[in-house]
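Per-entry structural report
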Amino acid sequence: MAWLYLRWVGIVTFGLLIAVLGLRRYETQVRPITPEDLVRHHQTDTVRVLGMVQAGSLTTDALAGRAAFRLVGEKDAVLVHYTGAPTEAIRELKTLVVVGRWSPLGGAVEAKEIALLPNYGFITAAYLLGLVPIGLFLFTMERRVRLLYNDIRQAKLYEPEEIGLD
Amino acid sequence: MIRRLRRYEGWCGGAAAACLLVGLYLGLVTSPPDATQGEVVRIMYLHVPFAKTSLLAYTVLAACSLWYLWRRDPLVDNAAHASAGVGAIFTMAALVTGSIWAKPTWNTWWTWDPRLVSFTVLLLILIGYLMLRALVDDIERQARYAAILAIVGFVDLPIVYFSVEWWRTLHQPLSVSQRGLSISAEMLFPLAVMAVGCSLLFFYMVMVRTQLLYLEHLLEAKQGRLLSQVPR
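Residues numbered from 1 in each chain as written. Chains lettered and ligands numbered in written order. Predicted model: local features only at pLDDT ≥ 70, side-chain atom pairs only at ≥ 80, totals over all residues. Heavy atoms only, no water.

Attention now moves to the overall build of chain B. Looking only at helices and strands, chain B features 7 helices and 2 strands. When the elements of chain B are put in sequence order from the N terminus, they spell out α-α-α-α-α-α-β-β-α. Its C-alpha atoms give chain B principal-axis dimensions of roughly 75 × 35 × 30 Å. Expressed as a percentage of its 232 residues, the buried residues of chain B come to 48%. (Helix = DSSP H or I, 4+ residues; strand = E, 2+ residues; numbered from the N terminus. Buried < 20%, exposed > 50% of the residue type's maximum accessible area, 1.4 Å probe, protein only.)

Below, the structure written as structure tokens:
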């Protein structure tokens, strides 16, 4: 029984390690901030800003691969200058993530990339609801098998009576 | 036979754990997001292997049922029973993860799509199989009826698999078909590792559950024999 519990502690530890790595990747490469956070903290390194393209603010230059629009959060809005590959994601009233550098002097985000909503809540829910029940089911089965082997070993004590009947 | 199962289950379980841990790392940490779906595509690394394993589980169940009707081997019947239980868990997990994936991509948790409906029918057949086994008392009759139900229910498998080709459906078509590959290598590799891991996990779980069912019957038989020896 001790080996069973030890094995499962190992599996859970490795599973948690992968979860922590996934979480770190989300924090460093995926997690967006809001336009309010950007205006308040004036981050100068590369930022990911989540917001909605304000209606009537979008101007595009398809030939030069440029677009400019206002990205709206709950209270504040920031100007975005996008230069890069043409993308269908830039549409008015569309919620998206802008990746680029904040220029405090120009008061705009110089964006190089447009990303979609991360939807990490759905991913976490799918992995937890998919893997945890299977893990619990397997653990219960393995534990029951070990207990049954013990029960059968104990039941063997009465076998001499059986031999007597033959 | 049980001794042989015990010998191989360790290797199978170890290989499954290794594949799944590597697959989860590749799928959650290193693989790229999708151009149209974004990060939510990572649910694919769980949903697709679960769905494939469900089909594998039913194939094993049908094969064991045929074998049982031919040779009447009780251990094969235990393996069929075990495949149905484990297969039901994988089918349910595939439906739940698919529903969670559908919400951000299709904007709905459920739709009356041929693939979804035929897959739910597969789950209902498996639940029916398990209920039949629980309701019939006589072990031999229980095994025979359940084997017939499993073989008849096998007709749903090609419907599940080809539903995306036969009907107009919201579900995406086959990624690997005669038309070629419609998935990038960076996504196919973690998906393949997870699929192999889930298949190995299924076989490991079937080995454990087959032992469980066999031992339960053995213990019942031993206890029954002991009770029959009690003087009245």
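The method is simple in principle: a probe with the dimensions of a water molecule rolls over the atoms, and the space it marks as empty is what remains. Evaluation of the coordinates by the stated rule reveals 2 cavities of 30 Å³ or more. Estimated volume of the second largest cavity: approximately 30 Å³. Glu142, Val145 and Arg146 of chain A together with Glu9, Tyr204, Val208 and Gln211 of chain B together form the lining of the second largest cavity. Elements supplying a minimum of two residues to the lining of the second largest cavity: helix H3 (120-155) of chain A together with helix H7 (185-228) of chain B. Looking at the lining of the second largest cavity, its residues break down into 3 nonpolar, 1 polar and 3 charged. (1 Å grid on protein atoms, 1.4 Å probe; cavity = no way out; pocket = protein on both sides within 12 Å on 5 of 7 lines; lining within 4 Å. Points joined across faces, edges and corners; volume = space filled by probe spheres on them. Nonpolar A, V, L, I, M, F, W, Y, C, P; charged D, E, K, R; others polar.)

Attention shifts here to unusual backbone geometry. All names here are of chain B. Notably, Arg72 is not glycine yet its phi reads approximately 55 degrees, a positive angle. Given a relative accessible area of 36%, Arg72 falls into the partly exposed group. Its identity is not glycine, yet Asn107 carries a phi of approximately 65 degrees, on the positive side. The residue Asn107 is located in the loop between helix H3 (74-106) and helix H4 (114-135) in this model.

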